[in-house]
Amino acid sequence: MRYFKPVSLTAALLALGLLATPSFAQSTQPAPGTTMAPKTAPVSTPKSDKMAPKAAAQKELIDINSASADELKSLKGIGDAYSAAIIKNRPYKGKDDLVHKKVIPEKTYAAIKGQIIAKQK
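It should be emphasised that the depicted structure is a prediction, and the values quoted were computed from it without experimental measurement. (Residues numbered from 1 in each chain as written. Predicted model: local features only at pLDDT ≥ 70, side-chain atom pairs only at ≥ 80, totals over all residues. Heavy atoms only, no water.)

> Kindly report on the overall build of the protein, identifying the contributing residues and their values.
When you go through the protein residue by residue, the secondary structure sums to 6 helices and 2 strands. Shown N-terminal to C-terminal, the secondary structure of the protein runs as helices and strands in the order α-α-β-α-α-α-α-β. Of all 121 residues assigned to the protein, the portion counted as buried reaches 17%. Sequence separation of 24 or more characterises 46% of the internal contacts of the protein that already satisfy a separation of 6 or more. (Helix = DSSP H or I, 4+ residues; strand = E, 2+ residues; numbered from the N terminus. Buried < 20%, exposed > 50% of the residue type's maximum accessible area, 1.4 Å probe, protein only. Contact = heavy atoms within 4.5 Å.)

> Residues and numbers for the nonpolar core, please.
Within the largest apolar cluster, 15 residues are counted, with the highest numbers of intra-cluster contacts made by Ile64, Leu72, Ile86, Leu98 and Ile104. Among all residues touching Ile64, those that are not within four sequence positions of it are Leu72, Ile86, Arg90, Tyr92, Gly94, Lys95, Leu98, Ile116, Ile117 and Ala118. (Core = buried A, V, L, I, M, F, W, Y, C linked by side-chain atoms within 4.5 Å.)

> Quick rundown of the side chain of Asp63? Include the residues and the values.
Along the polypeptide, Asp63 turns up in strand 1 (residues 62-63). The charged side chain of Asp63 is buried without a salt bridge, its nearest counter-charge being Lys119 at 5.6 Å. Within polar-contact distance, the side chain of Asp63 engages the side chain of Ser66 at 2.8 Å. Here the side chain of Asp63 touches Lys119 through a polar contact of 2.9 Å, landing on its backbone nitrogen. If we skip the residues at most four places from it in the chain, Asp63 touches Ile117, Ala118 and Lys119. (Lys, Arg positive; Asp, Glu negative; His and termini not counted. Salt bridge = Lys/Arg side-chain N within 4 Å of Asp/Glu carboxyl O. Polar contact = N/O pair within 3.5 Å; in protein donor to acceptor, adjacent residues only side chain to side chain.)

> Let's hear about unusual backbone geometry: which residues, and what values?
With omega at 0 degrees, the peptide bond leading from Arg90 into Pro91 counts as cis. Assignment of secondary structure puts Pro91 in the loop between helix 4 (80-88) and helix 5 (97-100). Positive phi is not limited to glycine here, since Lys102 has a value of about 60 degrees. You can see Lys102 is positioned in the loop between helix 5 and helix 6 (106-112).

> Any chance you could break down the pattern of salt bridges for me, citing the residues and the numbers?
Across all of its chains, the model carries 1 salt bridge by this definition. A salt bridge links Lys73 to Asp80, with the nearest nitrogen and oxygen atoms 2.6 Å apart.

> Give a description of a nonpolar patch on the surface that names residues and reports values.
A cluster of nonpolar residues, Leu9, Leu13 and Leu16, forms a patch on the protein surface that exposes about 330 Å² of accessible area. Following the sequence through the fold, Leu13 ends up in helix 1 (residues 6-20). (Patch = residues over 30% accessible without salt bridge, like charges linked within 9 Å, V, L, I, M, F, W, Y side chains within 5 Å. Areas by Shrake-Rupley, 256 points an atom, 1.4 Å probe, with all protein chains shown as cover.)

> Explain the environment of Ala110 to me, and be specific about the residues and the numbers.
Within the secondary structure, Ala110 is located in helix 6. Sequence-wise, Ala110 and Val99 are 11 residues apart; in three dimensions their C-alpha atoms are separated by 9.7 Å.

Given below as structure tokens:
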């Protein structure tokens, strides 16, 4: 009686696996006589709707170079002392000058930086 060696058994299984692999591949073309579904464009919202919030937010920005004390006080964390300090240290080249010149703390600046701007003349 003859015994199979593990090497010959492994080689036989590998050969069967290689022969069976192409049968599992998916065809890239449709079968004859069938039609493919038409591609539809994804539904998207108009760009004007996306732009509207940004435009509204830009109109509400407070210019730290020309704002009154009352306008500055409307910002979160800005009271009488900070609004007076902001007015006293004008002009600013950029809104981050508030922190660089040590007019307001960095934490307060982080809370208001999206609501202010430093326009140049």
